[in-house]
Amino acid sequence: MKEARFESSTDVVRWLQSEAAELWPALLGSLSFRRSPCVRDNCPACMSGEQHPSYVLYGRLKGRRVAVYVPEELVPTVRRGLDNGRALQELLQHAAPRYVKALKRERTEASKSKKS
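What comes next is a walk through the structure. Quick caveat: nothing in here was measured; it's all calculated off a predicted structure. Here the residue numbers are simple positions, counted from 1 along each chain's written sequence. Side-chain atom pairs in this predicted model are given and counted only at pLDDT of 80 or more, local residue features only at pLDDT of at least 70, and totals for whole chains, interfaces and linings cover all residues. Neither water nor hydrogens contribute to the side-chain values; these are computed over all heavy atoms in the structure.

Two cysteine sulfurs form what is called a disulfide whenever their separation falls within 2.5 Å. What the rule picks out here adds up to zero disulfides. Sulfur of C46: no disulfide; nearest cysteine sulfur belongs to C38 and is 3.7 Å away. Overall, C46 belongs to the partly exposed group, its relative accessible area being 21%. We call a residue buried when its accessible area falls under 20% of the maximum for its residue type, exposed when it is over 50%, and partly exposed in between, using a 1.4 Å probe and counting protein chains only.

See the structure below:
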């Protein structure tokens, strides 16, 4: 990779695409373990206070909080997706200033070549 102060906007896009390609699946939200009662009458687990364990993915859709049940066997995949989502957000944070600096440099170079 070129030194950051000399990279083009195209270089930044290629770098971001190559880094992001390894971050799939990428998810946003939070995974929560909860215990909740069921709807059955006289359920032994509910009556004992143990209740029923389950995982839920919480997220936002159009500003509203949504919850999706996650089967226990899918929990590792969802956790990996959430880790990848956080890594992708961090990657975008790093890409933004690099991309804007490259665009500004290209604009300056274009205006210099027009004046020549």
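It is worth spelling out the pattern of salt bridges at this point. For salt bridges, the criterion is a side-chain nitrogen of Lys or Arg within 4 Å of an Asp or Glu carboxyl oxygen. One pass over the full model with this rule turns up three salt bridges. A salt bridge links R98 to E7; the nearest nitrogen and oxygen atoms lie 2.7 Å apart. Remark: E7 occurs in the segment before helix 1 (9–21) and R98 occurs in helix 3 (residues 75–115); sequence separation between them is 91 residues. Both residues of the pair, R98 and E7, count as buried. By the criteria applied, helices consist of DSSP H or I runs no shorter than four residues and strands consist of E runs no shorter than two, each listed in order from the N terminus.

Interaxial angles span 0 to 180 degrees and are taken between N-to-C directions of axes, which are lines fitted to C-alpha atoms, for helices over the stretch in contact. Where helix 1 contacts helix 3, the two axes come as close as 8 Å, and the packing angle between them is 165 degrees. With respect to each other, helix 1 and helix 3 are oriented roughly antiparallel. The element helix 1 and its partner helix 3 pack so that their crossing is left-handed. Where helix 1 abuts helix 3, its residues S9, T10, V12, V13, W15, L16, E19 and A20 lie against L88, L91, L92, H94, A95, R98, Y99, A102, L103 and E106. Among the residues making up the contact of helix 1 with helix 3, the classes are represented as twelve nonpolar, three polar and three charged. An angle below 35 degrees is read as roughly parallel, one above 145 as roughly antiparallel, one from 65 to 115 as roughly perpendicular, and any other as oblique. Two helices that cross are described as forming a left-handed crossing if the nearer one is turned anticlockwise from the farther one by less than a right angle, and a right-handed crossing if clockwise. Contacts are assigned to residue pairs that have any heavy atoms within 4.5 Å of one another. Residues were grouped as follows: Ala, Val, Leu, Ile, Met, Phe, Trp, Tyr, Cys and Pro as nonpolar; Asp, Glu, Lys and Arg as charged; and all remaining residues, including Gly, as polar.

With that settled, the discussion passes to unusual backbone geometry. Following W24, the chain continues to P25 via a peptide bond in cis, the omega torsion being 0 degrees. Assignment of secondary structure puts P25 in the loop between helix 1 and strand 1 (30–36). In this structure, N42 is a non-glycine residue whose phi angle is positive, near 55 degrees. Note on placement: N42 falls in the loop between strand 1 and helix 2 (44–48). Given the relative accessible area of 64%, N42 is considered exposed. Phi at Q51 is positive, roughly 60 degrees, even though this residue is not glycine. Structurally, Q51 is set in the loop between helix 2 and strand 2 (52–61). When its relative accessible area of 24% is taken as the criterion, Q51 is described as partly exposed.

Moving on to the sheet that holds strand 3 (residues 64–70). Only strands that DSSP links by at least two bridges are regarded as paired with each other. Read across the sheet, three strands follow the order 1-2-3 without closing on themselves; strand pairing throughout is antiparallel. Every interior strand has two partners, whereas the edge strands, strand 1 and strand 3, have only one. Going from strand to strand, the sheet's axes swing by 40 degrees on average, the running direction of each strand aside. With seven bridges joining them, strand 2 and strand 3 adopt antiparallel strand pairing. Across the sheet, the residue bridging to G59 is V66, located in strand 3. Across the sheet, helix 3 lies against strand 1, strand 2 and strand 3, angled at about 145 degrees from strand 1, the strand it touches most.

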